[in-house]
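# Coordinate inspection notes
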Amino acid sequence: MNRPLNRRALLGAGMLAGVSACTVSPSPANPSPPQAPAFDPSDWASVRAQFALDPAVAQFAAFVLAPAPAPVREAIRRHRDALDANPEYLPPGGGEPDQTVREAAASYLGGEPGEVVLTDSTTMGLGLLYSGIVLRPGQDVLTTEHDFLATHEGLRLLTARTGAKVRKVKLYDDPATASADRMVSAIKEGLGPRTRVVAVTWVHSSTGVLVPIRAIADMLAEENKNRDEHDRALLCVDGVHGFGAMADSVADLGCDFLASGTHKWLFGPRGTGIVWGRAWDAIAPVVPSFSEAAFMAWQYDRAPGASTAELVTPGGYKAFEHRWAMPEAFTFMTAIGKDRVQQRTQELATRLKAGLAEITHVTLTTPSAPELSAGLVCCAVAGMSPMQAVQRLHTQKVAASVTPYSPPLLRFGTSIVTNPEEVDLAIKAVQSLR
């Protein structure tokens, strides 16, 4: 690749170009997809039927610009049409609409509504955390070499602003042989006596490695026992490729903050996201809030007081038809069952990894153990760039993607819109890549 590696280039030249070649576009001769059939959450075929995706294509890149299931699409349409008809429209039921969204998110997360910030994406959430974290003189930040641009760039900007030192540790040399013990040890060894932030990612989008967040949280809890409250190491997690795919609640994870878009593995409305946190007093608001507390403080010319999730939530006018449709996404996934979604996701990923591992010209980079991976499966094809592989796979009706890292890898995502037969089709298609 002679041009700079970036997300736009990868999406534009690779995955999306292939998708446009094998997905159906509405036209007079090709009308919009019909209404989805009745939803039976116990039936995976019924779950898949709630999506308007072309059934002729095996969708292993659906998590990138995720499609929404029928209940979410209908909620978006209903709110959009109502806003177009009446700019003063508010969703029925009374109450503050954003609070309804927070309650739905908190129920799914296993937290409290007052702990939830509403955002537009994981990147915005991480930006709010790493721009807003209050660092005292001498405090530093620890992250890893494997995190995405949103974390690394957010921390670089933090460094430029505060002068705080940011260190990176390597969690594994070969992702295929990563171990939980090694990852926890690497974080522990990288800690300094005044490390205030530990910034990690739940599931690495570069390799598919699932990081043992709970074990890291437990280790940090021990380290924090002898620290002053203001020097306590805060565990901040980019959760986007685990949230919606894995069943863990925030209590299960044990982290201090979890940022995620709700438009990927949760299949919620595009342009929506959340940050859950339990230590908002450590974060200063970055964007003015439109909360009642912020308005009251402004009108009476006083400071709004200690930080809360509501004060950290950016104000301004949003694509409200999308935000207000978020509860339907949480309801949809809850109806299927978080445990069943995780089991399905990992079973399909295990099947895919086992098949790819048997292909001699393929190098699998994702750990084979289910406890060390979620739904992302990454690999390299000998003699072929990932972009070429994606384009070749599309000719066989298999939609995959390229990791936006250097070096890039071929990436598949097994989710609730894929099935075992499509996994077998993908393996056969990769086998043919010569």
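Before any of the text, the structure's been laid out above.
Residues numbered from 1 in each chain as written. Predicted model: local features only at pLDDT ≥ 70, side-chain atom pairs only at ≥ 80, totals over all residues. Heavy atoms only, no water.

## A short note on the overall build of the protein chain
Cut-off, in case you're wondering: In DSSP terms, a helix is any run of H or I states spanning at least four residues, a strand is any run of E spanning at least two, and both are numbered starting from the N terminus. Partly exposed residues are those whose accessible area sits between 20% and 50% of the maximum for their type, while under 20% is buried and over 50% is exposed, using a 1.4 Å probe and protein chains only. We call two residues contacting when some pair of their heavy atoms lies within 4.5 Å. Note on areas: Shrake-Rupley, 1.4 Å probe, and residue coverage restricted to the protein chains presented here. Positive charges come from Lys and Arg alone, negative charges from Asp and Glu alone, with His and the N- and C-terminal ends not counted. Note that the charge is assigned to NZ on lysines, CZ on arginines, CG on aspartates and CD on glutamates.
Helix and strand counts for the protein chain come out as 16 helices and 13 strands. Reported as C-alpha extents along the three principal axes, the dimensions of the protein chain are approximately 65 × 55 × 40 Å. Burial statistics for the protein chain: of 434 residues in total, 56% are counted as buried. For the protein chain, the proportion of contacts with a sequence separation of at least 24, taken over those separated by at least 6, is 71%. Accessible area for the protein chain stands at about 18,800 Å²; split by element, carbon and sulfur atoms hold 54% of it. Of the side chains in the protein chain, 40 bear a positive and 44 a negative charge, and the two mean positions are spaced by 6 Å.

## A look at the nonpolar core
Note the cut-off: To define a nonpolar core, start from buried Ala, Val, Leu, Ile, Met, Phe, Trp, Tyr and Cys residues and group those joined through side-chain atoms within 4.5 Å.
Among the nonpolar cores identified, the biggest contains 75 residues, and Leu109, Ile187, Trp202, Ile213, Leu235, Leu258 and Ile416 are the most heavily contacted of them. Setting aside chain neighbours within four positions, we find Leu109 in contact with Val116, Phe243, Ser249, Val250, Leu258, Ile274 and Trp276. Val377, Met384, Val390 and Leu410 belong to the second-largest nonpolar core, a separate cluster that totals 28 residues.

## Quick look at the packing of aromatic side chains
Working definition: an aromatic ring pair is given by the centre-to-centre distance plus the angle between the planes. For the record, the criterion: Note on ring pairs: Phe, Tyr and Trp rings are taken, using the six-membered ring of Trp, and paired if centres are within 6.5 Å. Classes follow the plane angle, with under 30 degrees stacked, over 60 edge-to-face and the rest tilted. Whether a charge lies above a ring is judged from NZ of Lys or CZ of Arg, which has to be within 6 Å of the ring centre and within 35 degrees of the ring normal.
The tally for this structure, following the rule as stated, stands at 15 aromatic pairs. Geometrically, the ring pair formed by Phe51 and Phe267 is edge-to-face, given 5.3 Å between the ring centres and 70° between the ring planes. One end of the pair, Phe51, is in the loop between helix H2 (44-49) and strand E1 (58-59); the other, Phe267, is in the loop between strand E7 (257-261) and strand E8 (273-277), and 216 residues separate them in sequence. For the pair Tyr108 and Phe243, a centre-to-centre distance of 5.5 Å together with 85° between the ring planes defines the contact as edge-to-face. Of the two residues, Tyr108 sits in helix H4 (residues 97-109) while Phe243 sits in the loop between strand E6 (234-238) and helix H9 (250-253), which places them 135 residues apart along the sequence. Accessibility classification places Tyr108 together with Phe243 in one group, the buried group. Among the aromatic residues, those joined into a cluster by ring pairs are Tyr89, Phe290, Phe295, Trp298, Tyr317, Phe320 and Trp324. The ring of Tyr108 carries the charged tip of Lys338 above its face, separated from the ring centre by 4.5 Å.

## A few points about the pairing of strand E2 (residues 116-119)
Note the threshold: Note: two strands are recorded as paired if DSSP finds a minimum of 2 bridges between them.
Residues Val116 and Leu118 point to one face of E2 and Val117 and Thr119 to the other, with burial holding for every one of them. With 4 bridges connecting them, E2 and E8 associate as antiparallel partners. Paired with Val116 across the strands is Trp276, a residue of E8.

These results come straight from atomic positions and should not be treated as a statement about function.
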